[in-house]
Amino acid sequence: MTNSIKIKQISIGTDLPKIAVPITGTDAETVLLQANQIKCLNPDLIEWRIDCLTTMPSLSDLLQILNELTTLVDPIPIICTFRTMQEGGQQPLSETQYLELLNGLAADDNVAILDVEINHNIVALQQVVHKLHAHQAIALSSFHSFETTPEQVFMQNTLKRMQRIDADIFKLAVMPNTKMDVIKLMEFTQIASIRYPNPIVTMSMGKLGQLSRIAGIVTNSAITFASMDKQSASAPGQMHIEQLKNIFKVIK
Ligand SMILES: O=C1C[C@@](O)(C(=O)O)C[C@@H](O)[C@@H]1O
């Protein structure tokens, strides 16, 4: 049982949950500006939410921005994420375009970690993961539900699908409707972290789910997302990175 993955100087799945802060800029200039500000806050990881760009650049322009970003925030690893609208993203992209984008990103050496949504063609996703592994990059497979916390069986099957595509890290972001939903997700996470050799990342979104974002020490959720300010949060319930760091100082 490994449960941890090393990328640059960061070990995901050991010690405290690693803190990831999203860049949600709507154009290249703002993306680089936010990256600079986030770097000063010293997160473990930075997520670039590519879908937040108002105009989708060509692949070569996108890779050029990523190249600048990588140099700017070095040595902090970047998670590249295009969140589709079906899973709460900002930008419409057809299925073909999404898979083309993942393939383009997966082949680029600057991509350290790529978010791979699990609800797409499994063979196509396997190819993307294969490409990532060819240059030692990490596949972080994800599932989002902004309405409910799905049944345990559904979440188990989702993790199994992530295993089938050979993803390295498995992430579930779900919405609680009751306090029990938050507790159930945290219990599910703890059990899954024992069952799977991969780091598991979960969050119960919204105000009600905030406890899950600080509970990784107990649940073994390996990454937690925090924001640099309210406007740039990428999901409901994210705390400010300084708040989260202070809480970790108290409870670790
Ligand atoms: O998948 C996730 C988790 C997240 O939705 C959250 O709830 O913090 C935030 C997203 O930016 C990220 O891609």
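Keep in mind that this is a model prediction, so the values were computed, not measured.

Let us look at helix H5 (residues 152-164). Because each turn of an α-helix spans 3.6 residues, side chains separated by three or four positions end up pointing in the same direction. Here H5 contains 13 residues, and its C-alpha end-to-end distance of 18 Å stays within 8% of the 18 Å for a straight helix at 1.5 Å per residue. The elements touched by buried residues of H5 are strand E7 (138-145), strand E8 (169-174), helix H6 (179-195) and strand E9 (200-204). Among the residues trailing H5, Asp-166 stands out with phi positive, at a value near 70°.

This paragraph deals with the packing of helix H2 (residues 59-73) against helix H3 (residues 95-106). It is at 11 Å that the axes of H2 and H3 come closest, and there the two elements cross at 45°. The orientation of H2 with respect to H3, classified from their angle, is oblique. The crossing of H2 and H3 is right-handed. Listed contacts from H3 to Leu-59, Leu-62 and Leu-63 of H2 are Leu-101, Gly-104 and Leu-105.

Where a protein is soluble and globular, its nonpolar side chains tend to be buried together. Core analysis: the largest hydrophobic core is formed by 61 residues, its most contacted members being Trp-48, Leu-114, Val-116, Leu-132 and Leu-159. Discounting chain neighbours no more than four positions away, the residues touching Trp-48 are Ile-23, Val-31, Leu-53, Leu-62, Ile-65, Leu-66, Leu-69, Ile-78, Ile-79, Cys-80 and Thr-81. Grouped together as the second largest cluster of nonpolar side chains are 21 residues, Ile-10, Ile-113, Ile-169 and Ile-223 included.

Bringing the pattern of salt bridges into the picture now. Taken as a whole, this structure holds 5 salt bridges when the rule is applied. Salt-bridge contacts for Lys-8 lead to Asp-74; the nearest nitrogen and oxygen are separated by 3.7 Å. Residue Lys-8 is found in the loop between strand E1 (5-7) and strand E2 (10-12), and its partner Asp-74 is found in the loop between H2 and strand E5 (78-81); the two are separated by 66 residues along the sequence. Accessibility expressed as a relative area gives 39% for Lys-8, which makes it partly exposed. Here Asp-74 falls in the partly exposed class, since its relative accessible area comes to 43%. Residues Arg-49 and Asp-51 are paired through a salt bridge, measuring 2.9 Å at the closest nitrogen-oxygen approach. Residue Arg-49 is classed as buried on the basis of its relative accessible area, which comes to 5%. Here the residues in one salt-bridge network are Arg-83, Asp-115, Glu-117 and Lys-171, joined through shared partners.

An ideal rise of 1.5 Å per residue puts 18 Å on 13 residues; helix H4 (residues 122-134) measures up with 18 Å between its terminal C-alpha atoms. Those residues of H4 that fall on the buried side of the exposure criterion are Ile-122, Ala-124, Leu-125, Val-128, Val-129 and Leu-132. Angular distribution of buried residues about the axis of H4 spans 160°; they occupy a single face of the element. H4 presents His-130 and Ala-134 as exposed residues on the side facing more than 90 degrees away from its buried surface. If you follow the buried residues of H4, they end up packed against H3, strand E6 (113-117), E7 and H5.

About the criteria used
- Residues numbered from 1 in each chain as written.
- Predicted model: local features only at pLDDT ≥ 70, side-chain atom pairs only at ≥ 80, totals over all residues.
- Heavy atoms only, no water.
- Helix = DSSP H or I, 4+ residues; strand = E, 2+ residues; numbered from the N terminus.
- Expected span 1.5 Å × (residues − 1).
- Contact = heavy atoms within 4.5 Å.
- Axes fitted to C-alpha atoms, helices over the stretch in contact; angles between N-to-C directions.
- Parallel < 35°, antiparallel > 145°, perpendicular 65-115°, else oblique.
- Left-handed = near helix turned anticlockwise from the far one by under 90°.
- Core = buried A, V, L, I, M, F, W, Y, C linked by side-chain atoms within 4.5 Å.
- Buried < 20%, exposed > 50% of the residue type's maximum accessible area, 1.4 Å probe, protein only.
- Salt bridge = Lys/Arg side-chain N within 4 Å of Asp/Glu carboxyl O.
- Arc of directions from axis to C-beta.

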